[in-house]
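A closer look at the structure
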Amino acid sequence: MFRPLILAAAALSLGACASVIPQRDPADALYRLSPLDPAYELAASVTVREPEASRLLAGRSIAAEDETGAMRYVRSVQWTDRATSLMQEALLDLLSGEGANVALPAQAGAFTDFEFSWRISDLTLKGDAARCRLEGAILRGKERSVFRQTSIATSATARGRTDAARAEALVQAGQACAREAAAFIADATRQP
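Quick look at the structure, then. (Residues numbered from 1 in each chain as written. Predicted model: local features only at pLDDT ≥ 70, side-chain atom pairs only at ≥ 80, totals over all residues. Heavy atoms only, no water.)

**Digging into the pattern of salt bridges**
Keep this limit in mind: We define a salt bridge as a contact between a side-chain nitrogen of Lys or Arg and a carboxyl oxygen of Asp or Glu at a distance within 4 Å. Exposure categories follow from relative accessible area, calculated using a 1.4 Å probe and restricted to protein chains: below 20% of the type maximum is buried, above 50% is exposed, and the middle band is partly exposed. Only runs of H or I of at least four residues qualify as helices and only runs of E of at least two qualify as strands under DSSP, and these elements are numbered from the N terminus.
All told, the structure shown has twelve salt bridges when counted by the stated rule. Notably, a salt bridge pairs Asp-66 with Arg-72, separated by 3.0 Å at the nearest N-O pair. Taking relative accessible area as the criterion, Asp-66 reaches 15% and is therefore assigned buried. As a salt-bridge pair, Arg-144 and Glu-115 come within 2.5 Å of each other at their nearest N and O atoms. Of this pair, Arg-144 sits in the loop between strand 10 (129-140) and strand 11 (146-157) while Glu-115 sits in strand 9 (residues 114-126); the two residues are 29 residues apart in sequence, bridging distant segments of the chain.

Written out as structure tokens, the structure reads:
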């Protein structure tokens, strides 16, 4: 008899706590890096992993460095999904091939000739500059030995001082990083 009363009281108190926790205001605008048109033809099959990144860079929030070097989230703009997932999708969009020469996400679980493993070390704003930096390695599929490595850095300048203009510049810098990575993969995996 007391058990239903206790459960009801517990449910009521939990409901009250949830309404007290302040909710973050939604962003004014959401940004994505793709869809992009295929631009690089593959001559082998490649698995593209979702890149690694720090928690600051890997989520939906867009970060900016202020004049003191402190990193802050830009509250009025956000990514449509995790930044790492968006970068993986952009890279997959850019790679095309025929027959067995395809680019697949790691989640597909398929065996491929090569694998692209990468890490995003920067995808932030600083003033009106947007920066993207990544390091990547192509591994031989079955052997998992390192075949080739690259380091890519791109930037873009915002057309205005608004957060929206700065976010658009970050999209451009991220897309440029993905394009350079796709070109590297297509060139490195071309069979002799």
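**Some points on the side chain of Thr-84**
Put simply, the rule is: Pairing of N or O atoms within 3.5 Å defines a polar contact, subject to two protein rules: one partner must be a possible hydrogen donor and the other a possible acceptor, and residues neighboring in sequence count only if both atoms are side-chain atoms. Contacts were defined at the residue level, with two residues in contact if any of their heavy atoms lie within 4.5 Å.
Along the chain, the position of Thr-84 falls in helix 3 (residues 83-94). Given the relative accessible area of 4%, Thr-84 is considered buried. One polar contact links Thr-84 to Glu-50, side chain to side chain, over a distance of 2.6 Å. Those residues in contact with Thr-84 that sit more than four places away from it in its chain are Glu-50, Pro-51, Ala-53 and Ala-58.

**Observations concerning the state of the cysteines**
Test applied: The term disulfide is used for any two cysteine sulfur atoms that are within 2.5 Å.
Considering all chains together, one arrives at one disulfide under this definition. Through a disulfide, Cys-132 is tied to Cys-177; the S-S separation comes to 2.4 Å. One quick way to see it: the torsion about the S-S bond of Cys-132 and Cys-177 is about -120 degrees, and its sign makes the bridge left-handed. Of this pair, Cys-132 sits in strand 10 while Cys-177 sits in helix 4 (residues 163-188), and the two are 45 residues apart along the sequence. Residue class for Cys-132 comes out buried when judged on its relative accessible area of 2%.

**Comments concerning the environment of Ala-90**
Position of Ala-90 among the secondary structure elements: in helix 3. For the pair Ala-90 and Arg-32, spaced 58 residues apart in sequence, the C-alpha to C-alpha distance is 9.1 Å. The contacts of Ala-90, once residues within four sequence positions are left out, are Leu-33, Ser-34, Leu-36 and Ala-178.

**A word on the pairing of strand 9**
Selection criterion: If DSSP finds at least two bridges between two strands, the strands pair.
Examined bridge by bridge, strand 3 (residues 46-48) and strand 9 share three bridges and lie parallel to one another. Bridged to Val-46 within strand 9 is Phe-114. Sheet topology places strand 4 (residues 52-53) next to strand 9; two bridges connect them, and they run parallel. When the sheet's bridge partners are listed, Glu-52 is paired in strand 9 with Arg-119. Sheet topology places strand 9 next to strand 10; twelve bridges connect them, and they run antiparallel. What sits directly across from Ser-117, in strand 10, is Ala-137. In this structure, the hairpin formed by strand 9 and strand 10 is closed by a connection of two residues, where Gly-127 is found at a positive phi of approximately 65 degrees.

**Section: the pairing of strand 11**
Alignment of strand 10 against strand 11, held across eleven bridges, turns out to be antiparallel. Note on strand 11: the bridge partner recorded for Arg-131 is Ser-155. Here strand 10 hands over to strand 11 after five residues, with Arg-144 in that stretch at a positive phi of 60 degrees.

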